[in-house]
Amino acid sequence: MIGPTPFRDMLLVAWFELKEMLRTRRALVVIALYLLGGLVASRVFVGVIGRLEDVAADMLQTTRTATPGALTRQVLHSDAYREALVRLFPNRNVADFLLGLPPIVLFFAWSSLAFVPFLIMMTAADTVTQEVQDRGIRFVVIRTGRVEFVLGKYLGQALLMSFVVLLTGFVYLAVAWRGLQGFEFWPTLDGILIFWPRIVVYGFAFVGLAGLCAMNARSAAVARALSFVGLTVSWVLGEMAYRWSDGIFGAAWTAIGFLVPFSHKAALWRPGVAGVLPECAVLVALGLVYLSVGLVMFRRKDL
Amino acid sequence: MSGFCRLERDRSLATRVDGGGGVMTGALAPIALSLRGVTKRFGAIRALDGVDLEVPRGAVFGLVGPNGAGKTTTFGIACGYVRPDGGTVDLFGEGPFDPSKHRGRVAVLPQDAQLGRDIPLLDQLVYFARLQGLGKQEARSQAGWALELAGVTSRARARSRTLSHGMLKRVAIAQAFIGEAELVLLDEPTSGLDPVQAERIREHIVAQRHDRTVVVSSHNLNEIEAVCDHVAMIDHGRAVLAGTVAAITGKNEEVRITLAEGPVPLDMVKTALAGDSVDWDEASRTLVIRFVSRPGRGAEDVIGQALRTLLGHHARISQVVKGRSLERTYLESS
């Protein structure tokens, strides 16, 4: 049972974890690299659009535009593109939803869903193990329970991840603002804010996975290695479940796929809150289940 | 101010904070910590082999033993860091350590535990105090007090990694005195400190007597003898000797008087102390007087009688000691 005091402790640990991470050189470097990656990716995206438009302008023998985006905007709003996209997606609602979003938002969402698991494994994997290794945990677990400590630590990591993802969204927004012609500020901001909580929820499942793989490791280095092994295994299982769910052991592969966060990624592109809520609930539950399994072992561990 | 400081605690924390932030009431159990038949193995190594220990409430209790004897494991089990394989652990008559029951009531200086390297000292101490159940203001005030106690107030905003080993050790000790913990466990509190700092820590520990129970583990037997009123000796995972320091060192059973070169009126002393056992150790030129203490006749009375006789026969007194030193007792028992 979680009463008011354990909940308060969990929040205290989470807040302290967040502050500690923002002061730790390694975490800061990882976050800075992630943001830099977002900056480079968004600039590359703008550059690619520009080059595509130049090619199109040359083929049509029209004048090239100074800033990219105008032609793309025209294409995105064309009926032909709409029809092509609708055929690409089995669900027309999804196609309509995606068509209504600025392309930079789609790129932000796609890249974040692809790279957030790596960000989490790099920042969250050794958060508990490091404290066990340097015995700093002994100052804390004399004052609060191990469950509150672990949940607080990973809640702090989830908060950090959500902050970094939002910051990356603003980087994309700024780059698109400067680089794309006909940039629509409010629809882009709106799109980023639509995907931000989805990415955070998706990332939370990986925070749980990092906890499961790493919190009982012997050392911080082993924890980091195990978290990447866990991520790889999870990805492979997700791929196998996706490909073989119609095969002989289809039901088993479907069940395995359900337990892997990667399998729930596609559903996060659905429109509306109601459309993604069940998947988000599953992802949060997965994160908590992963953490709980890790905690069962951690509660019995000698510190 | 540099160094561990003698400070009067801010008594604003007159009530003890429990797990839920309430006030503890009711009769106090006479035993603060009890271990019965506690065993623990780490792989092939038997760290504890049936330790029995009772720490009376309000005592300053010393835990001594050689390296690997099981002192740190005993601390770890008392604090819930380490799970025992067998036996029972009991804190305040309420069962083994449980953070929901004992949060803020048990404090510890863990051996070799590191404070967060990149966090300012004040923030860490406030964090610890808040986790103990204190409110924001109280936590800040207690953290400030702890920094003052450790003599590092001017470094409150400094990150741990910029501080010396001695400073960090003092802060780690001070954090154990945040709040109103009833039981404080200090694992090697003076190791790695200069003599002045070590002495100040010893003074602070002695000042806690009767206010709270303090358990100190150390290799320094002179330190334990000077600071503690109870002691237990652990060897090979078992408590081989336990009791009050006075009883273990025979302070109320034995007097040793060392004489310088000159007359040795042994027969006169034997006559004066008829009924007591008087032996002469020629090698150390020491009179060993063993007596049975009773009301009206303690060690001081025996010393008085013996000295009067010796001085009356022109003996030259070099040293008078009550009982054996703890070190000698330890060496004899191990």
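Scope of this entry: the structure provided in the associated data block. (Residues numbered from 1 in each chain as written. Chains lettered and ligands numbered in written order. Predicted model: local features only at pLDDT ≥ 70, side-chain atom pairs only at ≥ 80, totals over all residues. Heavy atoms only, no water.)

### Overview of the overall build of chain A
Link 1 in the chain: Looking only at helices and strands, chain A features 13 helices and zero strands.
Link 2 in the chain: Each of the 303 residues in chain A was classed as buried or not, and the buried ones make up 51%.
Link 3 in the chain: Nonlocal contacts in chain A, meaning residues at least 24 apart in sequence, comprise 76% of its contacts between residues at least 6 apart.
Link 4 in the chain: When the accessible surface of chain A is split by element, carbon and sulfur atoms take 69% of a total near 14,800 Å². (Helix = DSSP H or I, 4+ residues; strand = E, 2+ residues; numbered from the N terminus. Buried < 20%, exposed > 50% of the residue type's maximum accessible area, 1.4 Å probe, protein only. Contact = heavy atoms within 4.5 Å. Areas by Shrake-Rupley, 256 points an atom, 1.4 Å probe, with all protein chains shown as cover.)

### Some details on helix 10 (residues 299-312) of chain B
For an α-helix, the turn length of 3.6 residues means that residues three or four places apart are oriented alike.
Residues and elements named next belong to chain B.
Link 1 in the chain: Here helix 10 is 14 residues long and its end C-alpha atoms lie 20 Å apart, about the 20 Å a rise of 1.5 Å per residue gives.
Link 2 in the chain: Inspection of helix 10 places Ala 299, Val 302, Ile 303, Gly 304, Ala 306, Thr 309 and Leu 310 among the buried residues, and these make up the whole buried set.
Link 3 in the chain: Looking at the buried positions of helix 10, the neighbouring elements they touch are strand 10 (254-259), helix 9 (266-272), strand 12 (286-290) and strand 13 (317-322).
Link 4 in the chain: Positive backbone phi, at 65°, marks His 314, one or two positions downstream of helix 10. (Expected span 1.5 Å × (residues − 1).)

### Let's talk about the environment of Ile31(A)
All names here are of chain A.
Link 1 in the chain: With respect to the element layout, Ile 31 can be found in helix 2 (residues 25-60).
Link 2 in the chain: Residue Ile 31 is classed as buried on the basis of its relative accessible area of 8%.
Link 3 in the chain: Along the sequence, Ile 31 and Leu 160 sit 129 residues apart, while their C-alpha atoms lie 9.4 Å from each other.
Link 4 in the chain: With residues near it in sequence (within four places) discarded, Ile 31 still touches Leu 160 and Val 164.

### Observations concerning the packing of aromatic side chains
Residue and element names in this part refer to chain A.
Link 1 in the chain: For the coordinates displayed, the defined rule picks out 13 aromatic pairs over all chains.
Link 2 in the chain: Pairing Trp 177 with Phe 185 gives two aromatic rings, centres 5.0 Å apart and planes at 50°, and the pair type is tilted.
Link 3 in the chain: A residue is classified by how much of its surface remains accessible, and Phe 185, at 24% relative accessible area, is partly exposed.
Link 4 in the chain: The interplanar angle of 55° and the centroid separation of 5.2 Å between the aromatic rings of Phe 195 and Trp 269 together place this pair among those described as tilted. Taken together, the residues span a long stretch of sequence, with Phe 195 in helix 10 (residues 185-214) and Trp 269 in the loop between helix 12 (250-258) and helix 13 (273-298) at a distance of 74 residues.
Link 5 in the chain: Classification of Phe 195 by relative accessible area gives buried; the value is 1%. (Phe/Tyr/Trp six-rings, centres within 6.5 Å; stacked < 30°, edge-to-face > 60°.)

### Let's talk about the pairing of strand 3 (residues 60-64) of chain B
Residue and element names in this part refer to chain B.
Link 1 in the chain: Burial runs high along strand 3: five of the five residues are buried.
Link 2 in the chain: Residue alternation in strand 3 divides its side chains into two sets, Val 60, Gly 62 and Val 64 and Phe 61 and Leu 63, and both sets are buried.
Link 3 in the chain: Pairing geometry for strand 3 and strand 8 (residues 230-235), over four bridges, is parallel. By the bridge assignment for strand 8, Phe 61 is matched with His 230. (Pairing = 2+ DSSP bridges.)

### Quick look at the sheet that holds strand 10 of chain B
All names here are of chain B.
Link 1 in the chain: Read from one edge of the open sheet, four strands run 11-12-10-13, paired in antiparallel fashion. Unpaired on one side and paired on the other, strand 11 (277-281) and strand 13 mark the two borders of the sheet. This sheet shows a mean twist of 15° between the axes of neighbouring strands, independent of strand direction.
Link 2 in the chain: Note: strand 10 against strand 13, five bridges, orientation antiparallel. Considered in strand 13, the bridge of Arg 256 is made with Val 321. (Axes fitted to C-alpha atoms, helices over the stretch in contact; angles between N-to-C directions.)

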